[in-house]
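Close look at the chain arrangement
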Amino acid sequence: MTTPFWFVVLALVAYAVAYWGYGKWFDRNIWKPDPNRTTPAHMYTDGVEYFPVSRYVLWGYQFKRVAALGPVLGPFIAIQFGWAPALVWLILGNFFIGWVQDYSSIMVSVRNQGRSFGPITYEFTGNAGRNTLLGFILFYLLIISATFIFLVANFLNVFPGSFIATAGILGTGILAGQLIYKRRASIVTVTVLSLVLMIVSFALGTIPALQWKAPFGAWNLAFWAALTCVFLWLASVLPLPTLIQPVNYISFFPTFAAIVLILIGALITPATGVALAQPAWLGFWGTAGNPLWPILFVAIACGAISGWHSLVGSSTTSKQLDVETDAHPVGAGAMLSEGLLGLASLACYMVLSIERIRELGNASVASWVFGAKVLTGPYLGPIIGEAGMTIYFSVVLIIFAITVQALVTRFWRLVSAEVFGESILAQKHVSTFIGLAIPWLFAVSGAWNNLWLYFGGSNQLLAGLALMLITIHLARVREMTQYTLYPATFMIVTTLAALLWQIRVFYRAASAGPEKTLVVGVLKQYGAIANALDWVFVFVGVALFVLGLIMAARTYMAYSQAMRGQIPQPQPAAGDD
Amino acid sequence: MIFRPKKPEAGEGSPEARGPGGATRAGFGTMLKGVLYGMASHGNVTAALRTRMHLEHLFMFITLGDMLGIPVLPPYYSLRILPYAVPNVESWKQRVFRERDFTDAIY
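Residues numbered from 1 in each chain as written. Chains lettered and ligands numbered in written order. Predicted model: local features only at pLDDT ≥ 70, side-chain atom pairs only at ≥ 80, totals over all residues. Heavy atoms only, no water.

**Brief notes about the overall build of chain B**
The line we're drawing: For helices the rule is a DSSP run of H or I covering at least 4 residues; for strands it is a run of E covering at least 2, with both sets numbered from the N terminus onward. For every residue, the accessible area (1.4 Å probe, protein chains only) is compared with the maximum for its type, and the residue is labelled buried under 20%, exposed over 50%, or partly exposed between those bounds. Only heavy atoms enter the contact rule, under which two residues are in contact if any of them lie within 4.5 Å.
Scanning chain B for helices and strands turns up two helices and zero strands. Buried residues in chain B amount to 38% of all 107 residues. Taking the intrachain contacts of chain B between residues at least 6 apart in sequence as the baseline, contacts between residues at least 24 apart amount to 59%.

**So, the overall build of chain A**
Quick reminder of the rule: Radius of gyration means the value over C-alpha atoms here, while the globule rule gives 2.2 Å times the residue count to the 0.38 power. For the accessible areas, the method is Shrake-Rupley and the probe is 1.4 Å, while residue cover comes only from the protein chains on display. His is not counted here, nor are the chain ends, while Lys and Arg score as positive and Asp and Glu score as negative. Note on charges: their place is set at NZ of Lys, CZ of Arg, CG of Asp or CD of Glu.
Assigned secondary structure in chain A consists of 20 helices and zero strands. What you see for chain A is a C-alpha radius of gyration of 23 Å, in line with the 25 Å of a compact globule of 577 residues. Contacts spanning at least 24 positions in sequence make up 85% of the contacts within chain A whose residues lie at least 6 apart. For chain A, the accessible area works out to roughly 19,400 Å², and carbon and sulfur atoms hold 68% of it. Each charge sign in chain A was given a centre, from 29 positive and 20 negative side chains, and these centres are 5 Å apart.

**Points about a nonpolar patch on the surface**
Threshold: Within the patch definition used here, like charges are joined within 9 Å and nonpolar side chains (Val, Leu, Ile, Met, Phe, Trp, Tyr) within 5 Å, considering only residues with over 30% relative accessible area and no salt bridge. Think of a salt bridge as a Lys or Arg side-chain nitrogen and an Asp or Glu carboxyl oxygen that are within 4 Å of each other.
A surface patch of nonpolar side chains, amounting to about 610 Å² of accessible area, comprises Ile187, Val188, Val192, Val196, Val200, Leu204, Ile207 and Leu210 of chain A. Residue placement: Val192 of chain A occurs in helix H8 (residues 187-205).

**Regarding the packing of aromatic side chains**
Residue and element names in this part refer to chain A. The condition that has to hold: Pairing of aromatic rings covers Phe, Tyr and Trp, the last counted by its six-membered ring, and requires centre-to-centre distances within 6.5 Å; plane angles under 30 degrees mean stacked, over 60 mean edge-to-face, and any other angle means tilted.
For the structure on display, the rule yields 46 aromatic pairs over all chains. A ring pair is formed by Phe506 and Phe537, whose centres lie 5.0 Å apart and whose planes are at 50 degrees; its orientation type is tilted. In this pair, Phe506 is assigned in helix H19 (residues 482-511) and Phe537 in helix H20 (residues 527-563), connecting sequence segments 31 residues apart. For Phe537, a relative accessible area of 0% corresponds to the buried category.

**Details of the interface of chain B and chain A**
Heads up, the condition is: Reported buried area values correspond to the accessible surface (1.4 Å probe) lost by two parts on association, with both partners' losses combined. Each polar contact in these results corresponds to two N or O atoms within 3.5 Å; when the atoms are within protein, one needs to be able to donate a hydrogen and the other to accept it, and residues that are neighboring in sequence are counted only if both atoms are side-chain atoms.
Chain B puts 47 residues into the contact, and the matching count from chain A is 57 residues. Each partner contributes to the roughly 4,600 Å² buried at the junction of chain B and chain A, and carbon and sulfur atoms together form 63% of this total. Joining chain B to chain A, the criterion identifies two salt bridges. Put simply, Asp104 of chain B and Lys319 of chain A hold a salt bridge, and the shortest N to O gap is 3.0 Å. Here chain B and chain A share eight residue pairs in polar contact (both at pLDDT 80 or more) between them. Secondary structure elements with two or more residues in the side of chain B that touches chain A: helix H1 (28-63) and helix H2 (75-96) of chain B. Element by element, the count of residues in the side of chain B that touches chain A is highest for H1 of chain B, at 18 residues.

**Here's the deal with the nonpolar core**
This is how it is decided: What makes a nonpolar core is a set of buried Ala, Val, Leu, Ile, Met, Phe, Trp, Tyr and Cys residues whose side-chain atoms join them at distances within 4.5 Å.
Trp99, Leu141, Leu151, Trp368 and Phe393 of chain A are the most contacted members of the largest nonpolar core, which has 216 residues in total. At 25 residues, helix H16 (residues 367-420) of chain A tops the list of elements feeding residues into this core. Core analysis: the next-biggest nonpolar cluster, separate from the first, contains five residues, Met60, Leu64, Val89 and Trp92 of chain B among them.

**As for the confidence of the model for chain B**
Close inspection of predicted coordinates is inappropriate in any region flagged by low pLDDT. This is how it is decided: pLDDT expresses how confident the predictor is about each individual residue, on a scale running from 0 to 100.
This prediction gives chain B a mean pLDDT of 75; 76% of its residues lie at or above 70. Confidence over residues 1-15 of chain B falls short of pLDDT 50; this stretch has 45 contacts with residues more than four positions distant or in other chains.

**Let's talk about the pattern of salt bridges**
Any two side chains of opposite charge can pair, so long as their charged atoms come close to each other. Residues and elements named next belong to chain A. Throughout the structure, instances matching the rule amount to ten salt bridges over all chains. Notably, a salt bridge pairs Glu123 with Arg115, separated by 2.4 Å at the nearest N-O pair. Residue Arg115 is classed as buried on the basis of its relative accessible area of 17%. Linked by salt bridges that have partners in common, Arg37, Arg111 and Glu324 make up one network.

**Considering empty space enclosed by the protein**
Residue and element names in this part refer to chain A. What counts, and what does not: The distinction between a cavity and a pocket rests on a 1 Å grid over the protein atoms alone: a 1.4 Å probe fits inside a cavity but cannot get out, while a pocket stays open yet meets protein on both sides within 12 Å along at least five of seven lines, and a residue with an atom within 4 Å of a point counts as lining. Grid points are joined across faces, edges and corners, and a volume is the space filled by probe spheres set on the points. Each residue receives one of three labels: charged for Asp, Glu, Lys and Arg, nonpolar for Ala, Val, Leu, Ile, Met, Phe, Trp, Tyr, Cys and Pro, and polar for the others, Gly being one of them.
Applying the stated criterion to the full structure yields five cavities of 30 Å³ or more. In this structure, the largest cavity encloses a volume near 200 Å³. Forming the walls of the largest cavity are 17 residues, and the residues nearest its centre are Lys64, Ala67, Phe400, Thr403 and Val404. Secondary structure elements with two or more residues in the lining of the largest cavity: helix H3 (55-66), helix H10 (244-267) and H16. Among the elements that take part in the lining of the largest cavity, H10 stands out by supplying six residues, more than any other. Among the residues making up the lining of the largest cavity, the classes are represented as eleven nonpolar, four polar and two charged. Contributing to the lining of the second largest cavity are 17 residues, with Phe148, Cys302, Trp308, Val404 and Phe455 lying nearest its centre. Examining the composition of the lining of the second largest cavity, we find that three residues originate from one element, helix H6 (residues 117-158), more than from any other. Split by residue class, the lining of the second largest cavity holds twelve nonpolar, four polar and one charged.

**What to know about the environment of Pro208 of chain A**
Residue and element names in this part refer to chain A. Looking at where Pro208 falls in the secondary structure, it is placed in the loop between H8 and helix H9 (220-237). Judged by its relative accessible area of 64%, Pro208 falls in the exposed class. Taking C-alpha positions, Pro208 is 8.8 Å from Pro160, a pair spaced 48 residues apart along the chain.

**Some details on the environment of Ile149 of chain A**
Residues and elements named next belong to chain A. Within the fold, Ile149 resides in helix H6. Residue Ile149 is classed as buried on the basis of its relative accessible area, which comes to 0%. Each C-alpha atom, one on Ile149 and one on Gln80, is 23 Å from the other, the two residues being 69 residues apart in sequence. With near-sequence residues (within four places) excluded, Ile149 lies in contact with Ala225, Cys229, Leu232, Gln405, Leu436, Pro439 and Ala443.

Right, dumping it as structure tokens:
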């Protein structure tokens, strides 16, 4: 029991039981999917948004969309309580809540003409409910952006060769896009060429002469964050086929390979002799003075449960589901697979000792890279060497963050257009600038540890709200609601408590003056700015808490109405044949 | 140029889509191909289709603006184009009139 192997196996068994045991039972008794019922993909086929797709394709699509930086970094924050609580939450959270939310989000959308969560929220909670959700998502996107921009900047800063390799990969993506869309080159040829160019990019990153370091001293992080924002601005305003699409396409290959390599590394630890180095339990208050409840449950978001998944599942996947019975392998299967990614990442942290992480200093946030090297080193090291592994895993980490963040920035622009209407704030360059400038400032504050908990809190709260929408639907169609109502209540209470805790943390720092600021890094020397940022974080937390609380209250009222039969049964859309 | 969406029968529409009540088994190769395509390309294909859809909307609007009471193009040219555009009117209306929300725009 001294290697990660047994814990990975334990989780695999638990996930298998969740899928084939609880999952099948849940399917039979709650949703009762009917393979002969026409899905929106067939009912509203338009060949663009609504068209039937095989479950294998949809599984791959859903997995790729939900598996990003969340399950990779969440366990790092969670190991402040030791690896055992993180492992238990990854297993039980996914077992009872995570896959239930993902699967049910798809099903609730399928049973409501393939509509996404915005219109469903409108139907159940009215215009005010939808507007509250819109406001909540706006703050949520700001926080995601701040944490991801900080992380990309930090990784670029601590791994000098990663910049040239990342730039090479982004350049390869742009070239691939031009070849595919402008020159109409064969996709196979472009893929092979891209793979070769990416390998060259990784190789360039290992050459010391090309490992460029930013020369701005204390402002290095701010510089890298600004450079990241420039890329994100381009990703937001340029057409999708020019930048985001081809970059996402080619970056799939190294990121997916990394997940497989780490899982293999964890599973062969009995042979390689890589042992556990982290303590299993570090107490209820952990090493950072945070309470295990509620902080653990927001520290690991994706991997256990994530609200973002409900948006993904109801926006695209549900519109392309071939038959209702495919929702289980697609929704539940993808979520449980993402749990494995969280588990692989946890394994990376389990094999690093506390002392080793402390030694890493500023690079400790990238502990995943060092853990991945420990796990895969015995079989990958002889092939690509120490420097090769460092560059490979660090760039994978950057790609994980930057590809998702590009979509988040674009989504911010679309939400801004919805919120600000005809105002100048809705103009694409203005809204993108605002959506990057505020997160840049937050990122440069360096308070990412605490902002991550805001991110986790708002993300998990979104999951709780999604579960409530699912519960309302089940109540109005007279199905059992306790299997989604209890998880929803747990998530809502837990996340609101976590947000309150974080507000308290920021408030104490803000009210104690600049000396006690949570801002670290270059802005700390400017006391007034640091203190003002603490107050801004208090405000952001309060906004998230209040909007989340209002939304929760509205969903519980709607649930009560649904139980009394006051919400009408779902009807086919007007004009349906 | 004009995008003419196909209405798939059961078992058509995408690789290995089965349609309601269709068969449920697939070989390992098919599964692997589907999963890799889904991970690497399906999102891009969908996004490309959406881009094309918006261009088609613009094209239909310019050529058949008269239908909405907006004389964007002289009627002579609209009439010349009409036979080519008619097959798309139904799906055009279906897509244009569909309720859309900001949560539809994530991917």
